[in-house]
Amino acid sequence: MPAQAYAGKECVCQYRRGICDQSCVRDMLAVPFYIACLRLDGRRCLVVGGGEVGLEKVEGLLSCGAAVTLVAPRAHDELAALAAEGSIAWERRRYEVGDLDGSFLVIAATDESEVNIGVHEDAEARAMLVNVVDVPPLCNFILPAIVRSGPLAIAISTAGASPALAKRMKREIAEQFGEDYARLAVILNDVRGWAKATLPTFQERRAFFDSIVGGEPDPIALLRDGDERAVLELVEDAKRAAAGV
């Protein structure tokens, strides 16, 4: 159950029930999410709320190259430092609907339900991406736990059912799929140009890459043993076989 929505607590969703009856989240686990990866480099992204949660969201956006604007009367010291160094823009006031102008997405992370609801309603009216932290009914996109290693990014979502479980899965997945997988991804990316120029059909290109990733010896096992040269030889062997040389 989301941290801010459970029976008996003050309602924080758009239904304004007064006291939460869980009606807003009753069917959340049955909602199928369309999984996508957003390219945020240079895009204006808005964060409303300057506390610790706002800091977490700002840092996540900055790590993806977003141009972040923070709207908050007050801000965490680290957010203030980011603004002082020019890494983010900080509007030191309360949220206004015009703050959404030119923004690609907005994340609301305040402790005021009416502000969060207002951000959600204003963003929905503009068909914008909006996430209100810990209130899934006020989100049209969610932020899964992410495991990153080089070019690899693995997302874990429990649809809000259990952030603790998502955290455990993140830790275990990070241990299983680490630097060796990231290095293999880089090696395979380096040969994509050759495959597109040499192999005329999608089926042939897929078979080529499958022969490397799923072949013998296992390229991941070789990388774990520190034998990158053997992996590169595997790639060359696969190129000769695919080209009929």
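The preceding data block contains the structure.
Residues numbered from 1 in each chain as written. Predicted model: local features only at pLDDT ≥ 70, side-chain atom pairs only at ≥ 80, totals over all residues. Heavy atoms only, no water.

Visitor: Tell me about the pairing of strand β1 (residues 44-48), and please be specific about residues and values.
Guide: Here β1 lies mainly inside the structure; four of its five residues are buried. Sheet topology places β1 next to strand β2 (residues 67-71); five bridges connect them, and they run parallel. Within the sheet, the bridge partner assigned to Val47 lies in β2 and is Leu70. Across four bridges, β1 lies against strand β4 (residues 105-108) in parallel orientation. What sits directly across from Leu46, in β4, is Val106. (Buried < 20%, exposed > 50% of the residue type's maximum accessible area, 1.4 Å probe, protein only. Helix = DSSP H or I, 4+ residues; strand = E, 2+ residues; numbered from the N terminus. Pairing = 2+ DSSP bridges.)

Visitor: I'd like to hear about the pattern of salt bridges, residue by residue, with values.
Guide: Within the structure shown, the criterion is met by 11 salt bridges. When the shortest N-O distance is used, the salt bridge between Asp99 and Arg93 registers 2.6 Å. The shortest N-O distance in the salt bridge between Arg168 and Glu172 comes to 2.7 Å. One end of the pair is Arg168 and the other is Glu172, both in helix α4 (residues 163-176) and four residues apart, which spans about a single turn. By relative accessible area, which is 47% here, Arg168 ends up partly exposed. (Salt bridge = Lys/Arg side-chain N within 4 Å of Asp/Glu carboxyl O.)

Visitor: Mind laying out the environment of Val147, listing which residues take part and the relevant values?
Guide: Considering the arrangement of structural elements, one finds Val147 in strand β6 (residues 145-149). On a C-alpha basis, the gap between Val147 and Glu175 in space is 9.8 Å, while along the polypeptide they are 28 residues apart. If we ignore the near neighbours within four places in the chain, the residues touching Val147 are Leu152, Ala153, Ile154, Ile156, Lys170, Ile173 and Ala174. (Contact = heavy atoms within 4.5 Å.)

Visitor: An account of the packing of aromatic side chains is needed here, citing residue identities and associated values.
Guide: This model, assessed by the stated rule, comprises three aromatic pairs. Look at Phe177 and Tyr181: their rings are 4.9 Å apart centre to centre, the planes differ by 70 degrees, and that puts the pair in the edge-to-face class. Given a relative accessible area of 27%, Tyr181 falls into the partly exposed group. Ring centres of Trp194 and Phe208 lie 5.2 Å apart, and the angle between their planes is 45 degrees; on these two criteria the pair is classed as tilted. Taken together, the positions of Trp194 in helix α6 (residues 192-198) and Phe208 in helix α7 (residues 202-213) put the pair 14 residues apart, joining distant regions of the chain. Overall, Trp194 belongs to the partly exposed group, its relative accessible area being 22%. (Phe/Tyr/Trp six-rings, centres within 6.5 Å; stacked < 30°, edge-to-face > 60°.)

Visitor: I'd like to hear about the side chain of His120, residue by residue, with values.
Guide: When you line up the elements, His120 lands in helix α3 (residues 113-125). His120 has contacts with Val130, Val132, Pro137, Leu138 and Cys139, leaving out every residue within four places of it along the chain.

Visitor: Residue-level account of the nonpolar core, with values.
Guide: Ranked by internal contacts, the top residues of the largest apolar core, which has 20 residues, are Val58, Leu61, Val68, Leu70, Leu79, Ile88 and Leu105. Ignoring any residue separated from it by four or fewer positions in sequence, one finds Ile88 in contact with Val58, Leu62, Val68, Leu70, Leu79, Leu82 and Ala83. (Core = buried A, V, L, I, M, F, W, Y, C linked by side-chain atoms within 4.5 Å.)

Visitor: So what about the sheet that holds strand β3 (residues 89-91)? Which residues, and what values?
Guide: Judged by pairing direction, the sheet is parallel, and its five strands sit side by side in the order β3-β2-β1-β4-β5 without closing on themselves. The sheet is open, and its two borders are formed by β3 and β5 (129-132), each paired with just one other strand. Strand-to-strand twist in this sheet, taken as the mean axis angle between neighbours without regard to direction, amounts to 15 degrees. As paired strands, β2 and β3 are joined by three bridges and run parallel to one another. In the sheet register, Thr69 faces β3, and the bridge partner there is Ala89. Across the sheet, helix α1 (residues 52-63) lies against β1, β2 and β4, angled at about 170 degrees from β1, the strand it touches most. (Axes fitted to C-alpha atoms, helices over the stretch in contact; angles between N-to-C directions.)

Nothing here speaks to function; it is all geometry.
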